[in-house]
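# Structural description and commentary
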Amino acid sequence: VINQKHLEGFGCSAEELKDITISNSCFKDNIKITTVSQVAMNGLFPEHEPTIDLTRLREEDDSPMVGVTNKEMLYGASGILDTDTLKMIADALENDLYIIPASVHECMAVPVDLADRDFLLELLNSANQLLEKDEILSDQLYFFDSQKLILSTLPDSVLIRHPDPFDKKESR
């Protein structure tokens, strides 16, 4: 994780670093797209990586949910910063996307027409409660507008954090 001190050492802003990263071909070549169905059938680390045919995704899966990570499946959520990848997924799913920041390792993309926003917020809330604090990417859902190619936070999608009954600091 890069913090402000790192940025000062690099001599650039967070926005400049993001632009450098996204334009890097190693970043783009390392993005991995998988479906929840594939993970359920093959596990997170299948012996033989199945090829995803995004063009048939919508017709083959009743409720397509696509995971975006990297080939190492570590700190791969940054793949959602690549608008080309999001556009490719949105085109395959024939819709704009809700993005669920599942962790710093992966994000999920769901077509807007097949998703219930409240359910997705609950899903995000549940996922975040299971994660270590340094693995939580965000408390908000995101929206990808496939026409404008803009990724933004959804208004009113901030999670209400419930206190952890096992956290001694919060029970005082």
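Description of the structure in this document. (Residues numbered from 1 in each chain as written. Predicted model: local features only at pLDDT ≥ 70, side-chain atom pairs only at ≥ 80, totals over all residues. Heavy atoms only, no water.)

## Notes on the overall build of the protein chain
A tally of regular secondary structure across the protein chain gives seven helices and six strands. What you see in the protein chain, going N to C, is helices and strands ordered as α-α-α-β-α-α-β-α-β-β-α-β-β. By sequence separation, contacts in the protein chain at least 24 residues apart represent 59% of the contacts at least 6 residues apart. Surface summary for the protein chain: the accessible area is close to 11,000 Å², and the carbon and sulfur share equals 54%. (Helix = DSSP H or I, 4+ residues; strand = E, 2+ residues; numbered from the N terminus. Contact = heavy atoms within 4.5 Å. Areas by Shrake-Rupley, 256 points an atom, 1.4 Å probe, with all protein chains shown as cover.)

## What about the environment of Leu74?
Tracing the chain through its elements places Leu74 in the loop between strand E2 (66–70) and helix H6 (83–93). Note: C-alpha distance between Leu74 and Glu106 (32 residues apart in sequence) is 7.9 Å.

## Some thoughts on the pattern of salt bridges
It is possible for side chains bearing opposite charge to pair when their charged atoms get close. Inspection of the entire model under this criterion finds one salt bridge. Note that Asp91 and Lys87 form a salt bridge whose closest N and O atoms lie 3.0 Å from each other. Here Asp91 pairs with Lys87, and both are found in helix H6, just four residues apart, close to one helical turn. A residue is classified by how much of its surface remains accessible, and Lys87, at 25% relative accessible area, is partly exposed. (Salt bridge = Lys/Arg side-chain N within 4 Å of Asp/Glu carboxyl O. Buried < 20%, exposed > 50% of the residue type's maximum accessible area, 1.4 Å probe, protein only.)

## A look at the packing of aromatic side chains
Applying the stated rule across the entire model yields one aromatic pair. Geometrically, the ring pair formed by Tyr98 and Phe143 is edge-to-face, given 6.5 Å between the ring centres and 65 degrees between the ring planes. Placement of the pair is Tyr98 in strand E3 (residues 97–100) and Phe143 in strand E5 (residues 142–145), with a sequence separation of 45 residues. (Phe/Tyr/Trp six-rings, centres within 6.5 Å; stacked < 30°, edge-to-face > 60°.)

## Thoughts on the pairing of strand E6 (residues 150–153)
For a regular strand, the rule is simple: side chains alternate between the two faces of the sheet. As paired strands, E5 and E6 are joined by four bridges and run antiparallel to one another. Opposite Tyr142, over in E6, you have Thr153 as the bridge partner. What sits between E5 and E6 in their antiparallel hairpin is a turn of four residues, with Leu149 showing a positive phi close to 60 degrees. (Pairing = 2+ DSSP bridges.)

## Remarks on the side chain of Thr85
With respect to the helices and strands, Thr85 occurs in helix H6. Apart from residues lying up to four places away in sequence, Thr85 is in contact with Ile31, Ile33 and Gly79.

## Points about the nonpolar core
Within soluble globular proteins, side chains that are nonpolar generally end up buried alongside one another. One finds Val66, Ile80, Leu86, Ile89, Leu97, Ile99 and Ala109 to be the most contacted residues of the largest nonpolar core, which totals 16 residues. Sequence-distant contacts of Leu86, defined by excluding residues within four places in its chain, comprise Ile80, Leu97, Ile99, Phe144 and Leu151. (Core = buried A, V, L, I, M, F, W, Y, C linked by side-chain atoms within 4.5 Å.)

## What to know about the pairing of strand E4 (residues 107–111)
Across the five residues of E4, five count as buried, placing the element largely inside the fold. Pairing analysis gives three bridges linking E2 to E4, with the strands arranged antiparallel. Opposite Val66, over in E4, you have Ala109 as the bridge partner. By the bridge criterion, four bridges tie E3 to E4 in an arrangement that is antiparallel. Pairing of Tyr98 across the sheet is with Val110, part of E4. In this antiparallel pair of consecutive strands, E3 and E4, the connection spans six residues.

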